[in-house]
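Working through the structure, step by step
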Amino acid sequence: MSNLKNHELEAKSFIHQPIPDINYQIILSQQSTKPRLEVSVKNFGAVGNGSFNDTPAIQAAIDAVAKAGGGVVFFPSGTYKIRINPSTSQAITIRPNVTIQGAGNEKTVIQLADNQGSYNAILAGEKPNSDLSNFAMYDISIDGNGSNNPVKVESDLTDDRMRYALRIFVGSKIAIARCRFKNQNNANTITVNNDSLVSDVTIKHNIFELIGGRLTDYDHSTIYSHGKNIDISDNFFSSRNGAGTNGARTAIEIHGDKHTVKNNIITGFTNGINVTGFASSSNEQIITNNSIKDAYNGIVIWSYLHKPQKSKYALNNILISDNKITLSIDGWRKLWGETPSSGISLEPSSDAPLTNLNIVNNEISFTNFIKNGNASDSLANGIRIWRSDFPNIDSQNIRISGNNIKNSLAAGIYISTPMNRGEISQNIIVNPGRSNGDFHNDYRAAVIIDGVFNGVNINNNFLADHQTNNTLKGGIISFIKCVNNCQFKGNSLYVKSGAKFPVIKSNSN
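Quick notes on the rules
- Residues numbered from 1 in each chain as written.
- Predicted model: local features only at pLDDT ≥ 70, side-chain atom pairs only at ≥ 80, totals over all residues.
- Heavy atoms only, no water.
- Helix = DSSP H or I, 4+ residues; strand = E, 2+ residues; numbered from the N terminus.
- Rg over C-alpha atoms; globule rule 2.2 N^0.38 Å.
- Contact = heavy atoms within 4.5 Å.
- Areas by Shrake-Rupley, 256 points an atom, 1.4 Å probe, with all protein chains shown as cover.
- Lys, Arg positive; Asp, Glu negative; His and termini not counted.
- Charge placed at Lys NZ, Arg CZ, Asp CG, Glu CD.
- Phe/Tyr/Trp six-rings, centres within 6.5 Å; stacked < 30°, edge-to-face > 60°.
- Buried < 20%, exposed > 50% of the residue type's maximum accessible area, 1.4 Å probe, protein only.
- Lys NZ or Arg CZ within 6 Å of the ring centre and 35° of its normal.
- Disulfide = S-S within 2.5 Å.
- Salt bridge = Lys/Arg side-chain N within 4 Å of Asp/Glu carboxyl O.
- Polar contact = N/O pair within 3.5 Å; in protein donor to acceptor, adjacent residues only side chain to side chain.

**Quick look at the overall build of the protein chain**
Looking only at helices and strands, one finds four helices and 43 strands in the protein chain. On C-alpha atoms alone, the protein chain measures out to a radius of gyration of 24 Å, which is about the 23 Å that the 2.2 N^0.38 rule sets for 509 residues. Principal-axis analysis of the C-alpha atoms gives the protein chain an extent of 80 × 45 × 40 Å. Of the contacts made within the protein chain by residues no fewer than 6 positions apart, 84% connect residues no fewer than 24 positions apart. Accessible surface, the protein chain as shown: approximately 19,300 Å² in total, 48% of it carbon and sulfur. For the protein chain, the centre of its 47 positive side-chain charges and the centre of its 41 negative side-chain charges are spaced 2 Å apart.

As structure tokens, then:
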């Protein structure tokens, strides 16, 4: 409970930060050039007292504004109880060119009633393929009432019963800002998901709190985006119980071109951010200045080819920079004890190459170690690029530079993949090898590299162990086969205990 209290205090301080409105006003001005209708849901019979069923009145207000060509549906302060319509499996049908506006995300609450069973969505278009272009939502709270609508078993969540809080499969120029999504037990809280039919989406300055929890674990991404030109920035995420929360798998998962994921605060999720190539193309994804706390994995790169393509890079021009990642091992062991933790890693079964991947200037630290480690901790690294199922897939232009990695359970950096051009440079790795699991001491080196390398520089890395009893068991251990122009230069090693290790140990050429 102490973790939850800290999250609530952090969320409250985050709420009161000044938030500029200019970007949202620009979006609104693009929606229509004619005067926009503004109505209050109370004029259509909504009560907002937390018990009366306001679903019909809210729907009537949205439909009236949509029929008039678009405008604003305003929700005065209050708690608006809504129910799922069994015939549609959703509560509220949203429309294109309609803005839902509350009086503030602490003042205006749309709350799902108790015992609504498995359902598709709280807010969604009339049909999955309904175009929701120019939809916006500001200054309102969506309460999924997860305590009274729990996921009892993982099979509760099916393709047509995902329990989205907000579902958009088609549309452009969409904005969700300054909203609060709380008590969410679902597959995705917000999904904007269509490779070719979703674009120009802004999800900013929102709060996602009390995510997951209860007795059942299940797959979940709080924000799931698949489209183009999507900005997910300045949001706050916290799970219900911090590290170890069931159903808090991932805060943000992105697919597609031109994503920006920036300045988000994420606390208590298994994975902070999933960066994926499972789309017709995934170019120019920027993940920067995020704070990820109490995670098991900070940022996971999923390099998979989408079904129509078989011969191209899955991810191109990816920047992962200036993120601060803190991993909490103890809290997650009950769920993921045999799966190695990592700060930034390639998903091991990835089947597609990477090109132009930059992992730079990130801070990664491991905390709260379990007393009894295990053999899988041999791959619990600060940064890990390793393929278990497709070890010979080539990647090119991989830059791992300027990262600061502390207290990793195994090596600070572990690279085991063919690499065509790249660098591992100017990284600081302190006190690696902290797990007492049963694995070879070579895995406790600061850096391990393996694979066929062509034109790769391993330069100016600072490797250190400041402990009285060192857990570091080597500097840079190399198993690479260099086919052309690989350079080791300016690397240094310091061990406080006085134990002696070579800076570079080569087990190959």
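**What to know about the packing of aromatic side chains**
The tally for this structure, following the rule as stated, stands at seven aromatic pairs. Where F75 meets Y80, the ring centres are 5.4 Å apart and the plane angle is 90 degrees; that geometry is what we call edge-to-face. Y80 shares its class with F75; the two are buried. With 6.4 Å between their ring centres and 85 degrees between their planes, F439 and Y443 make a pair best called edge-to-face. By relative accessible area, F439 is classed as buried at 12%. Among the aromatic residues, ring-to-ring pairing joins F181, F208 and F237 into one connected group. Stacked on the ring of F169, the Lys or Arg R167 has its end atom at 5.4 Å from the ring centre.

**A closer look at the state of the cysteines**
Inspection of every chain in the model, using the stated rule, returns one disulfide. Each sulfur of the disulfide joining C482 and C486 lies 2.2 Å from the other. Disulfide C482-C486: torsion about the S-S bond near 100 degrees, hence right-handed.

**Looking at the side chain of R384**
By the secondary structure assignment, R384 is in strand β32 (residues 381–386). Here R384 is buried and forms no salt bridge, its nearest opposite-charge partner E347 lying at an N-O distance of 7.5 Å. A polar side-chain atom of R384 sits 2.5 Å from the main-chain carbonyl oxygen of L379. Once you skip the residues sitting within four places of it in the chain, R384 turns out to touch P340, S341, S342, I344, S345, L346, P348, L379 and Y414.

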